[in-house]
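Chain residues, written in single-letter form:
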Amino acid sequence: MVLTQVHQPEEGSSTSVGSVFSSRYVQDPLPRYEMPQKSISKDAAYQIIHDELLLDSSPRLNLASFVTTWMEPECDKLMLEAVNKNYADMDEYPVTTELQNRCVNIIARLFNAPVSEKEAAVGVGTVGSSEAIMLAGLAFKRRWQNKRKAEGKPFDKPNIVTGANVQVCWEKFARYFEVELKEVKLSEGCYVMDPVKAVEMVDENTICVAAILGSTLTGEFEDVKLLNDLLTAKNQKTGWDTPIHVDAASGGFIAPFLYPELEWDFRLPLVKSINVSGHKYGLVYAGVGWVIWRSKEDLPEELIFHINYLGADQPTFTLNFSKGSSQIIAQYYQFLRLGFEGYKNVMKNCMESARILREGLVRTGRFDIISKEKGVPLVAFSFKDMSHNSAMKLATLLRRYGWIVPAYTMPVNLEHMTVLRVVVREDFGRPLAEKFLSHVAMALDELDSSSKAPLVPALKYTIEVVSCTDDANQPFMVRVLPQEAEPVKKTVPLLTGKTKGVC
Amino acid sequence: MVLSKTASESDVSIHSTFASRYVRASLPRFRMPENSIPKEAAYQIINDELMLDGNPRLNLASFVTTWMEPECDKLMMAAVNKNYVDMDEYPVTTELQNRCVNMIAHLFNAPLGESETAVGVGTVGSSEAIMLAGLAFKRKWQNKRKEQGLPYDKPNIVTGANVQVCWEKFARYFEVELKEVKLSEGYYVMDPEKAVQMVDENTICVAAILGSTLNGEFEDVKLLNDLLTKKNAETGWDTPIHVDAASGGFIAPFLYPELEWDFRLPLVKSINVSGHKYGLVYAGIGWCIWRTKEDLPEELIFHINYLGADQPTFTLNFSKGSSQVIAQYYQLIRLGFEGYKNIMENCQENAMVLKEGLEKTGRFNIVSKDNGVPLVAFSLKDNSRHDEFEVSEFLRRFGWILPAYTMPPDAQNITVLRVVIREDFSRTLAERLVLDIQKVLHELDVMPSKKDIDIQKTKSVAAAWKRFVEDKKKTNGIC
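About the thresholds
Here the residue index of a chain counts from 1 through its sequence in written order. Note on labels: chains are lettered from A, ligands numbered from 1, in written order. It should be noted that, the model being predicted, local features are given only for residues of pLDDT at least 70 and side-chain atom pairs only at 80 or more, the latter also being counted only at that level, while totals for whole chains, interfaces and linings use all residues. Side-chain numbers come from the whole structure's heavy atoms, not from hydrogens or water. Helix and strand assignments follow DSSP, with helices taken as H or I runs no shorter than four residues and strands as E runs no shorter than two, numbered in order from the N terminus. Using a 1.4 Å probe on the protein chains alone, a residue whose accessible area is under 20% of its type maximum counts as buried, one over 50% counts as exposed, and one in between counts as partly exposed. Throughout, a contact is declared for two residues whenever any of their heavy atoms are within 4.5 Å. Any two strands with at least two DSSP-identified bridges between them are counted as paired. Expected span, for any helix, means 1.5 Å times one less than how many residues it has. The rule for a salt bridge is simple: a side-chain nitrogen of Lys or Arg has to be within 4 Å of a carboxyl oxygen of Asp or Glu. UniProt positions are given in the numbering used here, feature names are shortened, and annotations may be inferred rather than shown by experiment. Note on terms: buried area is the combined drop in 1.4 Å-probe accessible area of two parts once they are placed together, counting the loss on both. Polar contacts, as counted here, are pairs of nitrogen or oxygen atoms within 3.5 Å of one another; within protein the pair requires one atom able to donate a hydrogen and one able to accept it, and residues that are adjacent in sequence qualify only if both atoms are side-chain atoms. Each residue receives one of three labels: charged for Asp, Glu, Lys and Arg, nonpolar for Ala, Val, Leu, Ile, Met, Phe, Trp, Tyr, Cys and Pro, and polar for the others, Gly being one of them.

Asks: Explain the overall build of chain A here, please?
Replies: A count of helical and extended segments in chain A gives 12 helices and 18 strands. The proportion of buried residues among the 503 residues of chain A is 56%. Of the contacts made within chain A by residues no fewer than 6 positions apart, 69% connect residues no fewer than 24 positions apart.

In structure tokens form, the structure reads like this:
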């Protein structure tokens, strides 16, 4: 006879066979301030974090951002495969480094940099336009300092001339690198930098004039050609040789495809460096930007670091060191996959969607369109009755449908204007545009009906605490005095000052 | 009768990638191609080129994490289209970053109240973290000097010559003088006494490294703190300390908890650590923690006005991906204290296995210490015939990437090879590496030295010339 033994299940085995939601992990409080003592299973960790993140907004409905929110699955595959490659290890990953160099060359030629077919352009991949702008600004600052030292003149008060519509990273650059920011104020109807005023503000301490191709606020292209001509004339008179930098963070991947005849890049002699965000209309996920210099001379040698690794010399000029390689590879993928015609088609589609949006909004009869038709595909609009509250309320109402539309006040001189801005990205096609318009119509209805309702009165009570000295057991007496109800007016504070900006 | 048509040659969509014309075309190197190509072709072309990159997991040069669990990969891919800076749109992601900052601040014993939030920020790496910390020191010092009516145009920073290159970058880009304490033979980190001697009224801070890049040693931050406290009491300059714990920050708390190097020392005002080194996250994340709000000047903080909400930020980069922040939080809650401790202990064990294997060959001096970052730095006992660079080159053939480099001044005559033990460098790999090193040594032993070759060449040329001159009479003959 065979004896069969009954196998006793181990006490702790249930943790590995139980599903996450049946385990204790989803009942334990989440660590917020201190690292937990014990490990937990990877499935539980994944599930907990995944579930919390469900409450983040959907990236594709985030109409506030220029940054790419969709890429092809093939590209996702490449990015995941490259996620463990440290971009800074140039010697270990020579092909990845080569891909970066190719991207730099492609973008340089897209911007008509004066390089021959076989000559390499000077440029670098960065984490975004912020880093790119800081590097470009540093190069200008150092060049100007060296020039002033050679002339025996003071070099302690550098300044930079831009429009008040600059993105916040220019203010960061100015503050962190101790450069004065001279802003050309905007005016009603003119929401970009006026070249005439800008050139007037240039003095001997100006390290460069920064023009924006694709203003953050309204998507407009600044007139770089006019700036170039005026500045050339001034340089001739003064001999200061002030250069131009073009912040083409959004516009750099639009102008070459939609407006090739527009002269804004290295075709203009005073333009010495250009930055562009790969993660905006370069159609790559967040985390890659590019800066290109006209020539080697525009990048002072002393800023370049030569890393000695395995005996090979590798010149680098970046603020960040270690970072992932995924976005660089994704950028090259896009160049290779789409090519010139692909990018052109995508941009044309974006402009179409923007047109549908614009016309739909105009049809409601409630909005003024602030953005121009020529520029970055976005629609910036404000209420005709200039009501600050309505814009914020509309943004809140649209949130309920899932859309994120930012409402912000314009900079100095125009703080009475509140603007709503919808950015049209690659993945915002006509169906989404029409859906958005229908939601706007519904939100407007709600807005109108709620403004007709009377304000909810709030009751104010005054609570008096009176001390009764005669009774030891009841030392204090509380008296409640109701007061007149008065309607509550809520005002939204306007934020001002150079530390605050729209992105 | 049915007419059958053969498949058209031009129906590109049915061709497999390697049958199509796309793998015949030359790749765009300088100019964007005119036409689009199918996504499969684009994927395949790039994937194939990248096969020639080194294998990240055999890259023994790097501290940066090269392996994470698949669950984490899933979370990272799901977050790849979230722009980290959109705080209002992605409040949970922002919350996760804040939790990481708090956890790391507590790990470093920041003096926080029960539910007080720590002052810190997530960055792209220790380079950005160090620049932010340095900027804070510089601005604090400038403000102090302005108040005192003293000149503030020549700030300097005191560090060891063994600092990572990002300190030199900070110094050069932000116009701060770098005063380096020179190393000496046998002493490869910053000497606290010499450092404190170099401190003057223009010093914005003294930077100590926990986990020197070159040999993984921890600098003696406690001694530095004590000496600097004394000097501050004498001079009244109030010079602070910054600890660059890029690698050591996620090792010391788990392996050496009694070692006082962090906010337990009163002069330490900020600490940076790389999440992508022993924080066990892929490249692209670092952390900078300040002791208190007072150590971070308000004027450096930017308040972004977004949808009416005010969001304070202090970073150099703006838009970037959220994946690594989420991955860091995953690791912190997945592993917890015991998980990190176990991993670091394993790394330490494997480092010992490697060290003992190398010592047994009898050919190497071990330059790294046992206490410190788990790495093994070693140099040849006798490098007269073949040097460490050749060993490194030969090991490449087996797939290993092992860097060789010379020490900074004043120890430039020492060359070392350095193996970094990461989480995914198991004992089997360590033993295999020792075997391969032995093979390489064996090969080099029988190869003539480069110097020998030169002498031999000269000798043989001289001998041939001598013969020619002596045999001049034989000019007409068969050639």
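Now that the structure is up, let's keep going.
Asks: Looking at this model, I keep getting lost on the pairing of strand S1 (residues 119-123) of chain B. Mind explaining?
Replies: The two faces of a sheet get side chains in turn, since along a regular strand they alternate between them. Residue and element names in this part refer to chain B. Of all 5 residues that make up S1, 4 are buried, and the element is covered over most of its length. With 5 bridges joining them, S1 and strand S7 (residues 286-290) adopt antiparallel strand pairing. When the bridges of S7 are listed, Thr123 appears paired with Gly286.

Asks: So what exactly am I meant to see when it comes to helix H1 (residues 39-50) of chain B here?
Replies: Think of an α-helix as turning once every 3.6 residues; residues three or four places apart then point the same way. Over its 12 residues, H1 of chain B extends 17 Å from the first C-alpha to the last, a length consistent with the 16 Å expected when each residue adds 1.5 Å. The element H1 of chain B is extensively covered by neighbouring structure, given that 9 of its 12 residues are classed as buried. Among all positions in H1 of chain B, only Ala41, Ala42, Tyr43, Gln44, Ile45, Ile46, Asn47, Glu49 and Leu50 of chain B are buried. Of the surrounding elements, those touching the buried residues of H1 of chain B are helix H3 (73-81), helix H4 (94-110) and helix H10 (326-364) of chain A.

Asks: Quick question: what am I supposed to make of the pattern of salt bridges here?
Replies: Using the criterion set out here, one finds 45 salt bridges over all chains in the structure. Here Asp295 of chain B makes a salt bridge to Lys140 of chain B, at a shortest N to O gap of 4.0 Å. Here Asp295 of chain B is found in the loop between S7 and strand S8 (302-306), whereas its partner Lys140 of chain B is found in helix H4 (residues 126-148), with 155 residues between them in sequence. In this structure Asp295 of chain B comes out as buried when scored by relative accessible area, which is 9%. On the basis of relative accessible area, Lys140 of chain B is assigned to the partly exposed category, the value being 36%. Through salt bridges with shared partners, one network takes in Lys141, Arg142 and Glu302 of chain A together with Glu175 of chain B.

Asks: Explain the UniProt feature "modified residue: N6-(pyridoxal phosphate)lysine" (unreviewed entry) in chain B to me, please; I cannot follow it from the model alone.
Replies: All names here are of chain B. Cross-referencing UniProt, the feature "modified residue: N6-(pyridoxal phosphate)lysine" (unreviewed entry) maps to Lys277 in the present numbering. Along the chain, the position of Lys277 falls in the loop between strand S6 (268-274) and S7. Since its relative accessible area comes to 13%, Lys277 is described here as buried. If sequence neighbours within four positions are ignored, Lys277 has contacts with Phe63, Val64, Thr65, Ala246 and Ser247.

Asks: Is there a simple way to think about the UniProt feature "modified residue: N6-(pyridoxal phosphate)lysine" (unreviewed entry) in chain A in this case?
Replies: Residues and elements named next belong to chain A. In this numbering, the UniProt entry assigns the feature "modified residue: N6-(pyridoxal phosphate)lysine" (unreviewed entry) to Lys280. Topologically, Lys280 is positioned in the loop between strand S6 (271-277) and strand S7 (289-293). Residues in contact with Lys280, not counting those within four places in the same chain, are Phe66, Val67, Thr68, Ala249 and Ser250.

Asks: Where do I start with the interface of chain A and chain B in this structure?
Replies: How big an interface is tends to be expressed through the accessible area that disappears when the partners come together. Counting residues at the interface gives 124 residues for chain A, matched by 117 residues for chain B. Across the chain A/chain B interface, buried area totals approximately 11000 Å², and carbon plus sulfur atoms make up 59% of it. The largest share of the area that chain A buries against chain B comes from Tyr33, Met35 and Tyr176 of chain A, three residues that together contribute 8% of it. For the interface between chain A and chain B, the tally reads 11 salt bridges. Its salt-bridge partner being Glu338 of chain B, residue Lys38 of chain A comes within 3.6 Å of it at the nearest N-O pair. Where chain A touches chain B, the interface holds 47 residue pairs in polar contact (both at pLDDT 80 or more). Element by element, the count of residues in the side of chain A that touches chain B is highest for H10 of chain A, at 12 residues. In terms of residue class, the side of chain A that touches chain B is made up of 59 nonpolar, 28 polar and 37 charged.

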